[in-house]
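# Remarks on the overall topology
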Amino acid sequence: MAERKLLVLFGSQTGTAQDVAERIGREAKRRHFQCRVEALDSCDVANLINELLVVFVCATTGQGDPPDNMKMFWRFLFRKNLPPSSLCQLDYAVLGLGDSSYPKFNFVAKKLHKRVLQLGGNPLLPVGLGDDQHDLGPDAVVDPWLLALWDKILALYPLPPGLEIISPDVCLPPKYTLHYLAEDSSSEEKDLGVPAAPRAVPSELHPFAARMVSNRRLTAESHFQDVRLIEFDVTGSGITFSAGDVVMIQPQNCPEDVQQFCQLLRLDPDRRFVLKPTEPGTSLPALLPQPCTIQHLVTHYLDISCVPRRSFFELLSYFSTNELEREKLQEFSSAQGQEELFSYCNRPRRTTLEALWDFPHTTCAIPPEYLLDLIPRIRPRAFSIASSMLAHPDRIQILMAVVRYKTRLSKPRRGLCSTWLASLNPEKGDVQVPLWVKKGGLKFPADPDTPVIMIGPGTGVAPFRAAIQERVAQGWRGNCLFFGCRQKTKDFYCQAEWEELVTKGFLTLFTAFSRDQEEKVYVQHRIQENRRLVWELLSSRSAHVYLAG
């Protein structure tokens, strides 16, 4: 009988595709398949020719772009020299996650499906097109698509004699087992922070611990929004970047939340543990030190402030000793309960920590080794770099609005990364922030005679500040900026800097202060008023136009 092996590969930007891929992995285990779930860029693409059964789950980002963790795979797959029969022994299925309000809806999934077909693959099903815009979210498509998928797969690979599908009432084993170390085990306590001098160019797996130099509020104290200009020192990191690039920052949970979480789950923050994979071949979480303390795990790894997904409630229901709580958790994890889950979780942006508060009997019964299955890791946040190395060598600056808003919940919602960064005060001691840089989507012209028209309302001006600094440092003129905000006296970021460049003849500046007069004025009004200049720059000087929100 054919070996029952399944490979699930995902390309995920925000974690949804990964969540769905892990769900398929769990469903495969219930059907007694040997199953690996991996990011597309973590698998050996050349080995795909030896695989017999693969399910691809991929998101589409931006304007039809593949997610970051499948970019290398994407480039390889579209190489012109791959023989058309490369994947002729492969049975496959592609599930896409997208948003139909974008013109290139599920573009990556459709293109991947077509390409694997071209290379000789045999599709088990038409491509599944999950849609974020559906009332029930992508699950409206995912649920029926998966039922059809398992029918097809079990027809090709029936269950071995004497085995049945593991009932949904049975909880699957955790991905890792957690072994506490004896209190007195005296392996020297090494600093669990970020290594100060990574060997390679800093990356997600090896971030650079950058010293925060300054953290300055740019908006008036009376203004509703707190916007910061934050500067980091990256001396000795090997980091280089140009205008339009992005800095990735790895945030952490606030001490109050960490303390609450440990109390709720009755965890001792100082206990040290090591992780062991339950199944051979599973790799350990790359960003966790071994051994590790509970404190470090909860502070730096578990995303206890994210809005929990359906899979969270499903796993939680297995631990519930309280009938009422268990029924509610099962409802939230059922297909019928998705509308109710949406209004409990997504609409008010309820956090994982807050959800755990609402299920106290269940929460104190969670076995610690299931924490890594239950709660996703904290994802890095991306910020446009707002400075140029030519103007500020060995420094990275960002322009950051502190995220804070109200929902029907009494406590205001706060952005994890912006709240953490805003709370750091470099004047009170050494503050280090784990970061690395990646290429951005904006490329500025290399020819000094090509003018640039930049439209950057609010913090959207950040990448243009980098571009203008870079161009001015090289003596390039032809910089035209349309900037918009609410009030000239409250949130006109970097006003003095722009005005100085205007005086020196390096910048043409148009401002729109929407609330400074009766009728609202926005950047598009200023563009219309200056249409002759804009058209002149475009038609006779081949200007490039950039827009950032």
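If you look the protein chain up in an unreviewed UniProt entry, it shows as NDOR1 oxidoreductase from Chordeiles acutipennis. What UniProt records for the protein chain under Catalytic activity (unreviewed entry) is the sentence "2 oxidized [2Fe-2S]-[protein] + NADPH = 2 reduced [2Fe-2S]-[protein] + NADP(+) + H(+)". Database annotation for the protein chain, UniProt heading Subunit (unreviewed entry): "Interacts with CIAPIN1; as part of the cytosolic iron-sulfur (Fe-S) protein assembly (CIA) machinery. Interacts with DCPS."

Strand order in the open sheet made by the 3 strands is E7-E11-E12, with antiparallel pairing throughout. Sheet topology places strand E7 (176-180) and strand E12 (292-293) at the edges, where each strand pairs with a single neighbour. Note that E7 and strand E11 (residues 272-277) share 5 bridges and pair antiparallel. Paired with Leu178 across the bridge in E11 is Leu275.

We now examine the pattern of salt bridges. As enumerated under the stated definition, the model contains 24 salt bridges in all. Note that Arg217 and Asp226 form a salt bridge whose closest N and O atoms lie 3.9 Å from each other. A salt bridge links Arg350 to Asp358, with the nearest nitrogen and oxygen atoms 3.4 Å apart. For Arg350, a relative accessible area of 11% puts it in the buried group. Several salt bridges converge on common partners, so that one network encompasses Arg23, Glu27, Asp139, Asp143 and Arg310.

The next subject is a nonpolar patch on the surface. Together, Trp535, Leu538 and Val545 make up a nonpolar patch on the protein surface, roughly 310 Å² of accessible area in all. For Trp535, the position within the fold is in helix H17 (residues 531-541). With relative accessibility at 59%, the residue Trp535 sits in the exposed group.

As annotated in UniProt, the feature "domain: FAD-binding FR-type" (unreviewed entry) corresponds to residues 205-445 in the numbering used here. Across residues 205-445 one finds 29% helix and 21% strand; the C-alpha atoms that close the span lie 32 Å apart.

Attention now moves to the nonpolar core. Ranked by size, the top nonpolar core spans 39 residues in total, and within it Phe261, Leu297, Leu302, Phe313 and Leu371 carry the most contacts. No other element matches helix H7 (residues 310-319), which puts 5 residues into this core. Once residues lying within four places of it in the same chain are set aside, the contact partners of Phe261 are Leu267, Val298, Leu302, Ile304, Leu353, Leu356, Leu371 and Ile375. Ala243, Ala462, Val472 and Cys494 belong to the second largest nonpolar core, which has 28 residues in total.

A cluster of basic side chains, namely Arg404, Lys406, Lys411 and Arg414, defines a positive patch on the protein surface. Relative to the assigned elements, Lys406 resides in the loop between strand E15 (404-405) and strand E16 (413-414). Looking at Lys406, the relative accessible area reads 54%, which means it is exposed.

Before going further, it helps to examine the UniProt feature "domain: Flavodoxin-like" (unreviewed entry) in the protein chain. In the UniProt entry, the feature "domain: Flavodoxin-like" (unreviewed entry) is given for residues 6-150. As annotated, residues 6-150 has a helix share of 32% and a strand share of 23%, and its two end C-alpha atoms lie 12 Å apart.

Here the focus is the side chain of Ser388. Structurally, Ser388 can be placed in the loop between strand E13 (381-384) and strand E14 (395-401). Using a relative accessible area of 1% as the deciding quantity, one classes Ser388 as buried. Within the structure, Ser388 has its side chain in polar contact with the backbone nitrogen of Leu390 (distance 3.0 Å). Apart from residues no more than four positions distant in its own chain, Ser388 is found in contact with Phe241, Ala466, Gln469 and Glu470.

Further remarks concern helix H6 (residues 294-301). Within H6, 6 of the 8 residues are buried, which leaves the element mostly enclosed by the surrounding structure. Looking only at H6, the buried set comprises Ile294, His296, Leu297, Val298, Thr299 and Tyr301.

It is worth spelling out the sheet that holds strand E17 (residues 432-438) at this point. Read from one edge of the open sheet, 6 strands run E13-E10-E17-E8-E9-E14, paired in antiparallel fashion. Strands with a single pairing partner mark the edges of an open sheet, and in this sheet they are E13 and E14. Across this sheet, the average inter-strand angle for adjacent strands is 40 degrees, counted without regard to direction. Here strand E10 (residues 246-249) pairs with E17 via 4 bridges, running antiparallel. Paired with Ile249 across the bridge in E17 is Leu435.

Rules used in this analysis
Residues numbered from 1 in each chain as written. Predicted model: local features only at pLDDT ≥ 70, side-chain atom pairs only at ≥ 80, totals over all residues. Heavy atoms only, no water. UniProt positions renumbered as here; feature names shortened; annotations may be inferred. Pairing = 2+ DSSP bridges. Helix = DSSP H or I, 4+ residues; strand = E, 2+ residues; numbered from the N terminus. Salt bridge = Lys/Arg side-chain N within 4 Å of Asp/Glu carboxyl O. Buried < 20%, exposed > 50% of the residue type's maximum accessible area, 1.4 Å probe, protein only. Patch = residues over 30% accessible without salt bridge, like charges linked within 9 Å, V, L, I, M, F, W, Y side chains within 5 Å. Areas by Shrake-Rupley, 256 points an atom, 1.4 Å probe, with all protein chains shown as cover. Core = buried A, V, L, I, M, F, W, Y, C linked by side-chain atoms within 4.5 Å. Contact = heavy atoms within 4.5 Å. Lys, Arg positive; Asp, Glu negative; His and termini not counted. Charge placed at Lys NZ, Arg CZ, Asp CG, Glu CD. Polar contact = N/O pair within 3.5 Å; in protein donor to acceptor, adjacent residues only side chain to side chain. Axes fitted to C-alpha atoms, helices over the stretch in contact; angles between N-to-C directions.

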